[in-house]
Amino acid sequence: MSGRVMKGLRFARHGGPEVLSWDEVPVPEPGPGEVLVRVSAFAVNWADLLERSGRYPGAPAPPYVTGHDLTGVVAALGPGVAEPAVGTRVFGVIPRGGAAAEYVAAPADQLYPVPEALSDVQAAGAAGPYLTADAAIVTMGRLARGEDVLVHAAAGAYGSACVQLCRAYGAGRIIATAGSDAKVERVRSWGADVVVNYTTTDFAEVVREVTGGRGVPLVLESVGGDVLGRSLDCLSPGGRLVSVGASSGRSSGRFRLHTLFELGVSVSGFTLGVWLERHPELVRPSVERVLRLFADRKAVPVVGRVFPAAEAAAAHEFLADRRSIGRTVVTMTPVP
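Residues numbered from 1 in each chain as written. Predicted model: local features only at pLDDT ≥ 70, side-chain atom pairs only at ≥ 80, totals over all residues. Heavy atoms only, no water.

An unreviewed UniProt entry annotates the protein as Zinc-binding dehydrogenase originating from Thermobifida alba.

### Topic: the environment of V73
Mapped onto the fold, V73 is located in strand 5 (residues 69–77). A residue is classified by how much of its surface remains accessible, and V73, at 22% relative accessible area, is partly exposed. Along the backbone, V73 and F91 are 18 residues apart, and their C-alpha atoms lie at a distance of 8.6 Å. Excluding its chain neighbours within four sequence positions, the residues that come into contact with V73 are L36, V37, R38, G87, T88 and R89. (Helix = DSSP H or I, 4+ residues; strand = E, 2+ residues; numbered from the N terminus. Buried < 20%, exposed > 50% of the residue type's maximum accessible area, 1.4 Å probe, protein only. Contact = heavy atoms within 4.5 Å.)

### Looking at the packing of aromatic side chains
Taken as a whole and assessed by the stated rule, the structure comprises six aromatic pairs. When the centroid spacing of 4.6 Å and the interplanar angle of 35 degrees are considered together, the rings of F270 and W275 count as tilted. One exposure class covers both F270 and W275, and it is buried. (Phe/Tyr/Trp six-rings, centres within 6.5 Å; stacked < 30°, edge-to-face > 60°.)

### Some points on the pairing of strand 11 (residues 194–197)
Put simply, side chains in a regular strand alternate between the two faces of the sheet. Here four bridges tie strand 10 (residues 174–178) to strand 11, and the two strands are oriented parallel to one another. Looking at the pairing, A176 lines up with V195 of strand 11. Crossover strand 10 to strand 11 through helix 5 (residues 181–189) is right-handed. (Pairing = 2+ DSSP bridges. Right-handed = clockwise from strand over helix to strand, strands pointing away.)

### Brief notes about the pattern of salt bridges
The final tally for this structure, using the stated rule, is eleven salt bridges. In this structure, R327 engages D69 in a salt bridge whose closest nitrogen and oxygen atoms are separated by 2.8 Å. Highlighted residues: R327 in strand 16 (residues 327–331) and D69 in strand 5, separated in sequence by 258 residues. Like D69, R327 is buried. Of the charged contacts, one joins R289 and D134 as a salt bridge, the two residues approaching to 2.7 Å between their closest N and O atoms. Here R289, found in helix 10 (residues 280–295), pairs with D134, found in helix 3 (residues 127–140); they are 155 residues apart in sequence, far enough to count as distant. Its relative accessible area of 0% is what places D134 among the buried residues. (Salt bridge = Lys/Arg side-chain N within 4 Å of Asp/Glu carboxyl O.)

See the structure below:
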């Protein structure tokens, strides 16, 4: 593949969706332990928006090709790689980026065979939210069968995965939040027992009412800001809050250390990309569980809208406006 060029979605400076452009860039050469994937579709997520706007810690300086979540077909193997074999349909998360392109070189152990039950569009955005949700629920959150749980932003990609997995793993009452009445109905259809429109109703009051003032043992949080602080008030004694992001773009101003002392609660967090690169052994159990759920149709990735490659900037706008339910996906056919 050396010397060939392809189209990649990149930005030369930080800014809004208008800075994105499909540029000619070299086709990457897979290195040791890597495979070359011909990308068929990729998902747009909050990390992409934050990187583009210059608000993502640790992101490289532009220009670079954006995108982290993808599906495609293995086109070539790097040195030392025997599988996945050429021609295998794969999906995964590329922590270092570059997924929004015709081809991407990625570590073979960060890619997984696509279950037959999933289409390319479904698979494009499946790995990130479902592996994150599983790790948050099982590894970090230690959900016990029958325990109540509060899921924030449940209509999004991560939130929808959390609702489905909590139901599959035997949670008690699933209390969820969403940002519109339409989203409330969708979240309820995925298995949530109580769904709160957070734009009109105080979710903390609902949690207190539903639990008789005791609170929930587990909160799955990805919004940050005041939501994180107020969620501490929703925990029962000894409860756990797991934070995986801050889509609000803000840190909590209400985090009180004394809350941890008084209630004996714990707060933890993680980033899937860091685990994939530094602690892959922690992710492997999540991969095995999630792949089984997909194969058995006990979890089905939710795709809110699909955009052609020529409308990738519009996909960024769509997600930024919080109009998406589930994943926002861009297909690579046709490439501008």
